[in-house]
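Working through the structure, step by step
Take a look at the letters that make up each chain.
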Amino acid sequence: MHIFLLLFCFLIVPGFAVAGDEEKVGPVLEYLEMTPKFTVNLAGQKKYLMINVQLLVEGKENVEKIKKHMPALRHELIMLFSGRNETDLASMEQREALRKETLEAIRAALDKYENSDGFRDLFFTEFLLN
């Protein structure tokens, strides 16, 4: 009888714990790459900046909303990145400041056209000054 109770506890009870954990799964986070990469002219002769931007978005419905507004978002970022001085992007602190500026530009553009719900963060996955 004791063996039966032990088997019951080990085989049946953990199944209930797993089922309960599945219900606690929240919205899905997804990375959305802004393709193609941004390549813009910098101030000065024959200088350019190439950046690959990834957006962190929460929830499938928000991913679709951001995809819908991708042309407006790309426009905002091209305007933001273009014409900067190479010396203003040389240090890690300056690049982080540009990342934060980019984050706010995306958020403002989304709020202008719909809302920025679900947009969590962005990352530069490539950053090339030439």
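The following paragraphs examine the structure supplied in this document. (Residues numbered from 1 in each chain as written. Predicted model: local features only at pLDDT ≥ 70, side-chain atom pairs only at ≥ 80, totals over all residues. Heavy atoms only, no water.)

Brief notes about the overall build of the chain
Tallying secondary structure elements over the chain gives five helices and three strands in all. Listing each helix as α and each strand as β along the chain from the N terminus yields α-α-β-β-α-α-α-β. A burial count over the chain gives 32% of its 130 residues as buried. Excluding contacts between residues fewer than 6 apart, the proportion of contacts in the chain whose partners are at least 24 apart in sequence is 68%. As presented, the chain carries roughly 8,500 Å² of accessible surface, and 60% of it is formed by carbon and sulfur atoms. (Helix = DSSP H or I, 4+ residues; strand = E, 2+ residues; numbered from the N terminus. Buried < 20%, exposed > 50% of the residue type's maximum accessible area, 1.4 Å probe, protein only. Contact = heavy atoms within 4.5 Å. Areas by Shrake-Rupley, 256 points an atom, 1.4 Å probe, with all protein chains shown as cover.)

Considering the sheet that holds strand 1 (residues 29-41)
The strand order across the open sheet formed by three strands is 1-2-3, and the pairing between neighbours is antiparallel. Two strands lie at the open edges of the sheet, namely strand 1 and strand 3 (119-129), each paired on one side alone. The average undirected angle you get between the axes of adjacent strands in this sheet is 20°. Across ten bridges, the pairing between strand 1 and strand 2 (residues 48-58) is antiparallel. Counted as the bridge partner of Glu33 is Gln54 from strand 2. Contacting strand 1, strand 2 and strand 3, helix 4 (residues 70-81) runs over the sheet at an angle of about 45° to strand 1. (Pairing = 2+ DSSP bridges. Axes fitted to C-alpha atoms, helices over the stretch in contact; angles between N-to-C directions.)

A closer look at the environment of Ser116
By secondary structure assignment, the location of Ser116 is in the loop between helix 5 (92-113) and strand 3. Taking C-alpha positions, Ser116 is 8.3 Å from Ile106, a pair spaced ten residues apart along the chain.

Observations concerning the pattern of salt bridges
As enumerated under the stated definition, the model contains ten salt bridges in all. Note that Glu86 and Lys47 form a salt bridge whose closest N and O atoms lie 3.5 Å from each other. Pair noted here: Glu86 is in the loop between helix 4 and helix 5 and Lys47 is in the loop between strand 1 and strand 2, with a separation of 39 residues, a long-range link. For Glu86, a relative accessible area of 29% gives the class partly exposed. In this structure, Lys68 and Glu114 form a salt bridge, with 3.2 Å as the shortest nitrogen-oxygen distance. Of the two residues, Lys68 is situated in helix 3 (residues 60-68) and Glu114 in the loop between helix 5 and strand 3; the sequence distance between them amounts to 46 residues. In this structure Lys68 comes out as exposed when scored by relative accessible area, which is 55%. Using a relative accessible area of 39% as the deciding quantity, one classes Glu114 as partly exposed. (Salt bridge = Lys/Arg side-chain N within 4 Å of Asp/Glu carboxyl O.)

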